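# An overview of the molecular structure
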Amino acid sequence: AQVTITDREAALAFLKSNVQANLPRDLQPRAEVKELTWGQNLASFSTGEYDFILGADIVYLEETFADLLQTLDHLSADHTVILLSCRLRYERDQNFLTMLKGIFSVREVHYDPGNDIHIFKAQ
Ligand SMILES: C[S@@+](CC[C@H](N)C(=O)[O-])C[C@H]1O[C@@H](n2cnc3c(N)ncnc32)[C@H](O)[C@@H]1O
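How each quantity is defined
- Residues numbered from 1 in each chain as written.
- Predicted model: local features only at pLDDT ≥ 70, side-chain atom pairs only at ≥ 80, totals over all residues.
- Heavy atoms only, no water.
- Axes fitted to C-alpha atoms, helices over the stretch in contact; angles between N-to-C directions.
- Helix = DSSP H or I, 4+ residues; strand = E, 2+ residues; numbered from the N terminus.
- Parallel < 35°, antiparallel > 145°, perpendicular 65-115°, else oblique.
- Left-handed = near helix turned anticlockwise from the far one by under 90°.
- Contact = heavy atoms within 4.5 Å.
- Nonpolar A, V, L, I, M, F, W, Y, C, P; charged D, E, K, R; others polar.
- Pairing = 2+ DSSP bridges.
- Buried < 20%, exposed > 50% of the residue type's maximum accessible area, 1.4 Å probe, protein only.
- Arc of directions from axis to C-beta.
- Core = buried A, V, L, I, M, F, W, Y, C linked by side-chain atoms within 4.5 Å.
- Domains from an automatic or database assignment.
- Buried area = accessible area lost by both parts, 1.4 Å probe.

Another aspect to go through is the packing of helix H2 (residues 65–75) against helix H3 (residues 91–101). The contact between H2 and H3 brings their axes to 10 Å, and the two run at 30°. Considering their axes alone, H2 and H3 lie roughly parallel with respect to each other. Every pair of crossing elements has a handedness; the one defined by H2 and H3 is right-handed. Residues Phe65, Ala66, Leu68, Leu69 and Leu72 of H2 lie in contact with H3, whose contacting residues are Arg92, Asp93, Phe96, Met99 and Leu100. Residues belonging to the contact of H2 with H3 are distributed by class as follows: eight nonpolar, no polar and two charged.

The subject of this paragraph is the sheet that holds strand S4 (residues 81–86). One open sheet holds the four strands; their spatial order is S3-S4-S6-S5, and the pairing between them is mixed. Of all strands in the sheet, those bounded by a partner on one side alone are strand S3 (52–56) and strand S5 (106–112). Pairwise comparison of adjacent strand axes, ignoring direction, gives a mean angle of 15° for this sheet.

A few words now on helix H1 (residues 12–22). Listing the buried residues of H1 in full gives Leu12, Leu15 and Val19. The buried residues of H1 all sit within an arc of 60° when viewed along its axis, so they share a single face. With respect to the buried face of H1, the exposed residues turned more than 90 degrees away are Ala13, Phe14, Gln20 and Ala21. Looking at the buried residues of H1, the elements they touch are strand S1 (3–7) and strand S2 (31–35).

Here we take up the nonpolar core. Judged by nonpolar contacts, the single largest core of 23 residues is most densely connected at Val59, Leu72, Ile82, Leu84, Phe96, Leu100 and Phe104. Breaking this core down by element, the ones donating at least two residues are H2, S4, H3 and strand S6 (117–122). The element that contributes the greatest number of residues to this core is H2, accounting for five residues. Filtering out sequence-adjacent residues up to four positions away, Leu100 remains in contact with Leu69, Leu72, Leu84, Val106 and Ala122. Ranked by size, the runner-up nonpolar core spans five residues in total, among them Leu12, Leu15, Val19 and Val33.

This brings us to the domain arrangement of the chain. The assigned domain composition of the chain is domain 1 (1–35) and domain 2 (37–122). Taking only C-alpha atoms into account, the centre of domain 1 sits 20 Å from that of domain 2. Listed per partner, the contact involves five residues of domain 1 and four residues of domain 2. Buried area between domain 1 and domain 2, summed over both chains or domains, comes out near 400 Å², and the portion from carbon and sulfur atoms is 52%. For domain 1, the biggest contributors to the area lost against domain 2 are Thr4, Lys34 and Glu35; these three give 71% of the whole.

Here it is in structure tokens:
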């Protein structure tokens, strides 16, 4: 696969060093590290360019929910599968799921009771 890994500017150096430490050298060109602050400069990401969007533990800051949703909406086309893994720590985290269901078809595809982690699929 060709993969784009994103985070805010402050985390990019750490992210790049993780890619270097964890990917065999010949695979590193397939992993692009790119700045993305949800809701900002979305035009630098083409709609429908991604088959899968994977988000691990990114649903926890209520003030970012609208921007995160806008970002997922911008990046997705009909063929895109979004997988979000999260722990639903607070009632407000359910609000994000409600918002997500307003735009996408959402279903829970996995629950790990040992770690209390849900995986939701949105399309
Ligand atoms: C709890 S960490 C999870 C990191 C990683 N996915 C993992 O599972 O270890 C949440 C990540 O979301 C990023 N993040 C928080 N607010 C953001 C925003 N507004 N735009 C983009 N990324 C954000 C943080 O920088 C952090 O890397």
